[in-house]
Structures are given as structure tokens and as C-alpha cells.
Amino acid sequence: MTDSDEPVPAEGVERVQAGSLVLAAVVGVGLAVAARTNALALLIAVAVTQALLAAGWVFCSRMPGRKGALVLAALAAAGADVSVSIWPHGKLGTLLAVLGLAVPLLFIHQLMRGAARSRIVQSLSGIALLVLAEVALAALLQLRHEFGGQTGGRVVAGVVAAAAGALVVGYLVDLIAPLPRFDPDVPRGLLGVVASAGLGGSLGYLLLQSDRLGTFASGRGAFIGASLGALVGLLAVAVAFAERELPVRADGAGQRWRPFVGVLVPISVLAPVAFLLCLAIRT
């Protein structure tokens, strides 16, 4: 089959959004439950999410050099997870080392594609974004360590629930009424972002600013949730624009991977932001 430059049919977009809604709920519940269980369970949940992210991004975008992209994503994910697990006192500094080591590997991968390599910029930029998202998700492990024990588990669970819940309500609103649209060709609207911020703030208040967890008193929990909700909603819109430019196969192959991109990329990229927010405004 050949690639087509035709836009994805409306019914196809609705299926992708419905799938994204369900996936966001599943990922949010899985990560939140794992965070509340123990550090090992969260590590496993993060690793599984990273694997799904790599598969979704590579097979959805069908970028050149897919085999090498999967290898680089696996190395980046493993390096990030091991770094924050072995050197937890380094905060996010250890993740910068992983990103630094990934840069020369990205260029080496392009050189290894041989003389017949094509679309080098597309391949390099796509893999770079994938590596960044893989490494960023490990910030959830560091966030749990910073608060320690069960408190850290509750903080990570609250952050994940706010982000995933914001994605769920954002996709739900856009399925019903994507208004006002950011672009006529992209079925995402400002109302969905507002709803994401509202639900994120509500979940932040309930899960972070509670009697059992006084770390984010005086409105701090609601502020964290609302901020994460608004940011993840905007990131989801940005991913929707990126997906719009992806080639579509005539048989619809690759559509099944689009929900993984629309959900896992925003959650992963947002993890370091959640880490910095929680540490900056805790009491």
C-alpha cells in the first residue's frame, strides 16, 4: 500500500478520539495504582508505558529508520529508569546525562542507515522527540522518591490522575462539541482545554490537597492539578496538529496506533513539569 496525503475521514478521527479517551483512562488508573502500591510497581508501570509509547510513535508515524528508533527508545528508557533508581539523590540531573549520551547515538544511527538513507531530517527529529518523551516519563519515579514512601505514592498518583483525567474529559468534550476550533481541519477546541483545566484542578484538590496529605495546602493542590490539566490539554491539541501531518495509508493501517501518540506523548512530556511544580510549591 502507498501513503496518501488525504486527510483522515471524520469517522476515523472520532474513532481515534474515542480510543484515546479509553486509553487515557487505562493508563491513568494503571500508573496511579502502581504509584500507590510501591516503587517497584511504579517502575514496571513506567517501563510498560515507555514501551507502548515507542511502539505507538514509531508505527504511527512510520518514520524512516524504525528499527533503529526502537533500539534508541529502548536504550533511552532503560538508561533513564536505571539512572533515577540508582542515583535518586541527583534529582533530574541524571536524566540530562542520558539525553546528552543520546545525541551522538542519534547521529550514529543516521550514518548507519547507509547511502540509500532518505528523509534524514524527518527521521532525526522524530526519533529525537521520542527519546525526549521516553526519558521525561522517568521523572515520575524521581517525584515519588522526593516525597518518599506512601506520601510520594499519593503525590504521583494525584499528578497522574489529574493529567489523565484532563485528557479524558478533553477528548470527551471534543467528541461532543469541539468549539471554538483552533483550526477548521483539526477537531480540537478551546472548550476541551478549559474542561481539562477544570477537571485537573478538581482532581488536584481532591487527591493532593486532602486531610491526609497536607503537603499542598492553601490551594496548592488545586493549582497543580489545574496547571497540569491545562498544559496536558494544550499538548494534546499540539499532538493532534502533528498527527494531521502524518501520512495515511489507504487501508487505514497505523490508525490503531494514533491513540497511543495522542495520550502517551502529552503525559510523558508533562512528567518533568509535574516534578518541578510539586517541588516548587510544596509547603
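Refer to the structure presented above.
The text that follows walks through the structure, step by step, so that each part is easy to find. (Residues numbered from 1 in each chain as written. Predicted model: local features only at pLDDT ≥ 70, side-chain atom pairs only at ≥ 80, totals over all residues. Heavy atoms only, no water.)

## Re the side chain of Gln142
Mapped onto the fold, Gln142 is located in helix α6 (residues 139–147). Residue Gln142 is classed as buried on the basis of its relative accessible area, which comes to 0%. Among residues more than four places away in sequence, those in contact with Gln142 are Val84, Pro88, Lys91, Leu92 and Phe275. (Helix = DSSP H or I, 4+ residues; strand = E, 2+ residues; numbered from the N terminus. Buried < 20%, exposed > 50% of the residue type's maximum accessible area, 1.4 Å probe, protein only. Contact = heavy atoms within 4.5 Å.)

## A word on empty space enclosed by the protein
Tallied over the full model, the rule gives 3 cavities of 30 Å³ or more. Considered as a void within the structure, the largest cavity measures approximately 60 Å³ in volume. Of all the secondary-structure elements, those providing two or more residues to the lining of the largest cavity are α7 (149–176) and α10 (258–281). Examining the composition of the lining of the largest cavity, we find that 4 residues originate from one element, α10, more than from any other. Its residues placed into classes, the lining of the largest cavity shows 9 nonpolar, no polar and no charged. (1 Å grid on protein atoms, 1.4 Å probe; cavity = no way out; pocket = protein on both sides within 12 Å on 5 of 7 lines; lining within 4 Å. Points joined across faces, edges and corners; volume = space filled by probe spheres on them. Nonpolar A, V, L, I, M, F, W, Y, C, P; charged D, E, K, R; others polar.)

## Let's talk about the packing of aromatic side chains
Aromatic ring pairs are defined here through the distance separating the ring centres and the angle between the ring planes. This structure, assessed with the given rule, holds 3 aromatic pairs. Relative to Phe260, the ring of Trp257 lies with its centre 5.4 Å away and its plane at 45 degrees, an arrangement referred to as tilted. Relative accessible area serves as the criterion here: at 18%, Phe260 is assigned to the buried category. One aromatic cluster in this structure is built from Phe59, Trp257 and Phe260. Taking the ring centre of Tyr171 as reference, the NZ or CZ of Arg188 above it sits at 4.5 Å. (Phe/Tyr/Trp six-rings, centres within 6.5 Å; stacked < 30°, edge-to-face > 60°. Lys NZ or Arg CZ within 6 Å of the ring centre and 35° of its normal.)

These results come straight from atomic positions and should not be treated as a statement about function.
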